[in-house]
Amino acid sequence: MSLSVREAVVAFRRTPLLSILSITTIAFSLFAFGLFGLVVLNIRKALDTVEARVEIRAFAFDGTDAGSIANAASEIQRLPGVLGVVIITPEEALERAKADMGEFSDVFEASFLPTALEVQLQPGHRDPESVKRVANRLRSFEFIEDVRYGEDWITQLHRIRNIAGATGLVLGLAFAIVAMIIIGATIRMALLARAKEIAIMRLVGATDGFIRRPFLIEGAIKGICGGVVALGLTWVATQVIQHYLAFETVFFDARLAAIGVAAGALIGLLGSAASVNRQLRRV
Amino acid sequence: MIRFTDVSLEYSRGTSALRGIDLDIARREFVFLIGPSGAGKSTLLKCMYMDVRPSAGEVKVAGTSSRSATRSEIAKLRRKMGIIFQDFRLLEDRTVEQNVAFALEVIGTPRSAIPNKVNRVLTQVGLASKTTALPRELSGGEQQRVAIARALVNDPFVLIADEPTGNLDDRATRGIFQLLRDISASGTAVVMATHNLELVRRSEYRTIELNQGGIVYDSGDSTRAVAVRLLGEPTPTGEAVG
């Protein structure tokens, strides 16, 4: 293994220009991937903020006794995905209405407003199906007159989230494939540059696995270098956006950054493997 | 040790490179392969180290059959064979000792065992004083000696030499040939393809002549040798016989 690592490192020294070219092209492919990933991440973050405001309000008929409402609140609280249930009395509703619409505060009277249940959902349970399930359970109580949760709005929000996710996945895969092709091409160039060496290795009895190993390591190293450079470029890009567009953006956390670099290594490894296997069959 | 049984090789375009080759080479034997360009000498050697597989028949080398050998088995077989060429095939950016050590490194020889083996074999080929030289700093004869050292470093049972003196002057040719004779005398079989009929005439070794992919003369095969003698010149000439 140590010889394979040494051969991989020596390959960088022997063809520095080709290696820099490879890393640069990989870095730019991953940079494009990273930028789009960042866009998706920020869209998702924005949607998460909006989604956090998803809540269900159930209004009780006038005259419903407090015990029934409290029992219902307790039952709803136990449903999966429910974060919290708050009982809003007519008086509390009046206070809120006055605070929200100060200029019309004189219009409202406590007796005019019904008792309500406000249900908040846990993250991951704010999709239309989950919201509808809780809303239907609320409707099933006889004393509930009306349930509101902005059905259309939640459906649209969810659709935007899915579109952003799917687009991110498709474009991410496309960029990953482009990066793999580029790495494959650069490894093929390296293979051609070292065709004589490989032929000698073959003559003296090196196995395919042994010949393949340094190239796989080289591909992985190039992928990691490309990933790190891409990460740096993406960070610079976010700083530029924040500075010039005064637009607050979220950057990858350590886990996502590590996944990105690991993805670079994997792409490098797979690109090399495809290229080396194809080339070795010809030698 | 090496057996060809009715071996034929046809390339995909229909070109016939070898036709019905039957051949046995024993341990310690020194064999010349002669014949005009395109006669099939190099192809026959490639069949020996299984760089190509016959379209028909079987090549068996030290128990490994061309019919069933996997790539991994072929790689292991080559560790017991030494192969040299007219163009030396050295790594230009590595020194003499690194070129020789390379053959040991790629088959996983322990690092501690490499220097001794390399020194031994470089002494054997007369290059002990040039271990740190790069190939471009050596003469053609010396470069071929490095290639021979690399071929010998794994103690092969056979040395396959494809036109090893083709790029060398007379003096270097004599030196390399003497080295090959010494190697043969020490117990390693040598199969050498050559155009140099002077070397062939001056030695007593077995000679096989190929023409158009077939064996037309084999001094080690009495039946064939007699038949050829009846039809034409008794000594190999490198020209068509018959």
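As a reminder, the structure under discussion sits directly above these lines.
To keep things clear, this report deals only with the structure shown in the data block.

Turning to the overall build of chain A, a few remarks are in order. Looking only at helices and strands, chain A features nine helices and four strands. For chain A, the α and β elements follow one another from N to C terminus as α-α-β-α-β-α-β-α-β-α-α-α-α. Sequence separation of at least 24 residues holds for 84% of the intrachain contacts in chain A that already meet a minimum separation of 6.

Bringing the sheet that holds strand E6 (residues 81-85) of chain B into the picture now. Residue and element names in this part refer to chain B. Taken together, the six strands give an open sheet; going across it, the order is E6-E7-E8-E3-E9-E10, and neighbouring strands pair in mixed fashion. Of all strands in the sheet, those with a lone pairing partner are E6 and strand E10 (214-218), marking the two edges. With direction set aside, neighbouring strand axes in the sheet form an average angle of 20°. Here E6 runs beside strand E7 (residues 158-162); their pairing, made up of five bridges, is parallel. The residue of E7 that forms the bridge with Ile84 is Ala161. In the packing of helix H1 (residues 41-48) onto the sheet, contacts are made with strand E3 (30-34), E7, strand E8 (189-193) and strand E9 (206-211), and the angle to E8 comes to roughly 150°. Of the strands in this sheet, E3, E7 and E8 touch helix H6 (residues 170-185), which is tilted by about 150° from E8.

Counting from both sides, the interface comprises 12 residues of chain A and, opposite them, 13 residues of chain B. Elements that contribute at least two residues to the side of chain A that touches chain B include exactly helix H7 (195-203) and helix H8 (208-245) of chain A. For the side of chain A that touches chain B, the residue count by class is seven nonpolar, two polar and three charged.

A pair of packed helices can be characterised by two numbers: the angle between their axes and the separation between those axes. Residues and elements named next belong to chain B. At a closest axis distance of 8 Å, the pairing of helix H3 (residues 96-105) and helix H5 (residues 140-152) adopts a crossing angle of 30°. Considering the angle they form, H3 stands roughly parallel to H5. Crossing angle aside, the handedness with which H3 passes H5 is right-handed. Where H3 abuts H5, its residues Val96, Asn99, Val100 and Ala103 lie against Val146, Ala149 and Arg150. Residues of the contact of H3 with H5, tallied by class, amount to five nonpolar, one polar and one charged.

What counts, and where the lines are drawn
- Residues numbered from 1 in each chain as written.
- Chains lettered and ligands numbered in written order.
- Predicted model: local features only at pLDDT ≥ 70, side-chain atom pairs only at ≥ 80, totals over all residues.
- Helix = DSSP H or I, 4+ residues; strand = E, 2+ residues; numbered from the N terminus.
- Contact = placed C-beta atoms within 7 Å.
- Pairing = 2+ DSSP bridges.
- Axes fitted to C-alpha atoms, helices over the stretch in contact; angles between N-to-C directions.
- Nonpolar A, V, L, I, M, F, W, Y, C, P; charged D, E, K, R; others polar.
- Parallel < 35°, antiparallel > 145°, perpendicular 65-115°, else oblique.
- Left-handed = near helix turned anticlockwise from the far one by under 90°.

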